[in-house]
Amino acid sequence: MRSSRRGFIKGLTGLTAVGAGGCFTFGKGDKIRLAAVGVGGKGFSDWLPMIQSGKAEIVAFCDADANQMNLAQQRMDRLVKEGRIAERFNLFDSKIQFFDDYRKLFDAIDSGKLKIDAMTVSTPDHAHAPIAITAMKKGIHVYVQKPLVRTLRELKMFEDTARDNGVITQMGNQGAV
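Rules behind the numbers
- Residues numbered from 1 in each chain as written.
- Predicted model: local features only at pLDDT ≥ 70, side-chain atom pairs only at ≥ 80, totals over all residues.
- Heavy atoms only, no water.
- Pairing = 2+ DSSP bridges.
- Helix = DSSP H or I, 4+ residues; strand = E, 2+ residues; numbered from the N terminus.
- Axes fitted to C-alpha atoms, helices over the stretch in contact; angles between N-to-C directions.
- Contact = heavy atoms within 4.5 Å.
- Phe/Tyr/Trp six-rings, centres within 6.5 Å; stacked < 30°, edge-to-face > 60°.
- Buried < 20%, exposed > 50% of the residue type's maximum accessible area, 1.4 Å probe, protein only.

### Details of the sheet that holds strand 3 (residues 97-99)
An order of 3-2-1-4-5-6 is seen for the six strands of this open sheet, with the pairing classed as parallel. Since the sheet does not close on itself, it has two edges, and those belong to strand 3 and strand 6 (169-172), each with one partner. Strand-to-strand twist across the sheet, computed as the mean angle between neighbouring axes with direction ignored, equals 20°. Taken together, the four bridges between strand 5 (residues 141-145) and strand 6 define a ladder with parallel strand orientation. For Val-144, the partnering residue across the bridge sits in strand 6 and is Met-171. The strands touched by helix 2 (residues 42-52) are strand 1 (32-37), strand 2 (56-62), strand 4 (118-121) and strand 5; relative to strand 2, the strand with the most contacts, the crossing angle is about 155°.

Written out as structure tokens, the structure is:
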């Protein structure tokens, strides 16, 4: 059996298209309820385009460093002023919950106080798999920054959890070859 990178990508694209078919079924005007774990840095460039698309609404932010919210708001305001994004988004909107610990975020989901459809995970590398796997067990679709996992054991858990819970996963990778 011969394999190539191109063949792998084609197969993955087909699988993603099939998998995505029935996962998100929303009525006209409905938006994906999004939580962002990791607000600043790479997290900012992960969740901002999702909000700008008009297809998602941010319902929760989570970051161990609460000051990241201020920095993200300043960054957004600067981008608006420079004309690089069309409109300002208020990160401190009272409808958006903020958590300083991802476990508290999951507690709010478990208690029914927060409903989330999808989540971005843009944290330090060692936290990617634990956060994403916990989210997937709750039926939440995840976009995870690279590296997706750190060990083969985490990879097996990630794969099994995604399959068993019927969620869509995607790993962010900004490199191109």
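That covers the picture; the talk isn't over yet.
### Remarks on the packing of aromatic side chains
One pass over the structure, following the stated rule, counts three aromatic pairs. Pairing Trp-47 with Phe-61 gives two aromatic rings, centres 5.0 Å apart and planes at 65°, and the pair type is edge-to-face. One end of the pair, Trp-47, is in helix 2; the other, Phe-61, is in strand 2, and 14 residues separate them in sequence. By relative accessible area, Phe-61 is classed as buried at 0%. When the centroid spacing of 6.1 Å and the interplanar angle of 85° are considered together, the rings of Tyr-102 and Phe-106 count as edge-to-face. Separated by four residues within a single helix, Tyr-102 and Phe-106 lie in helix 4 (residues 102-110), roughly one turn from each other. Note on Tyr-102: relative accessible area 27%, which makes it partly exposed. Through pairs of rings, three or more aromatic residues link up here, namely Phe-44, Trp-47 and Phe-61.

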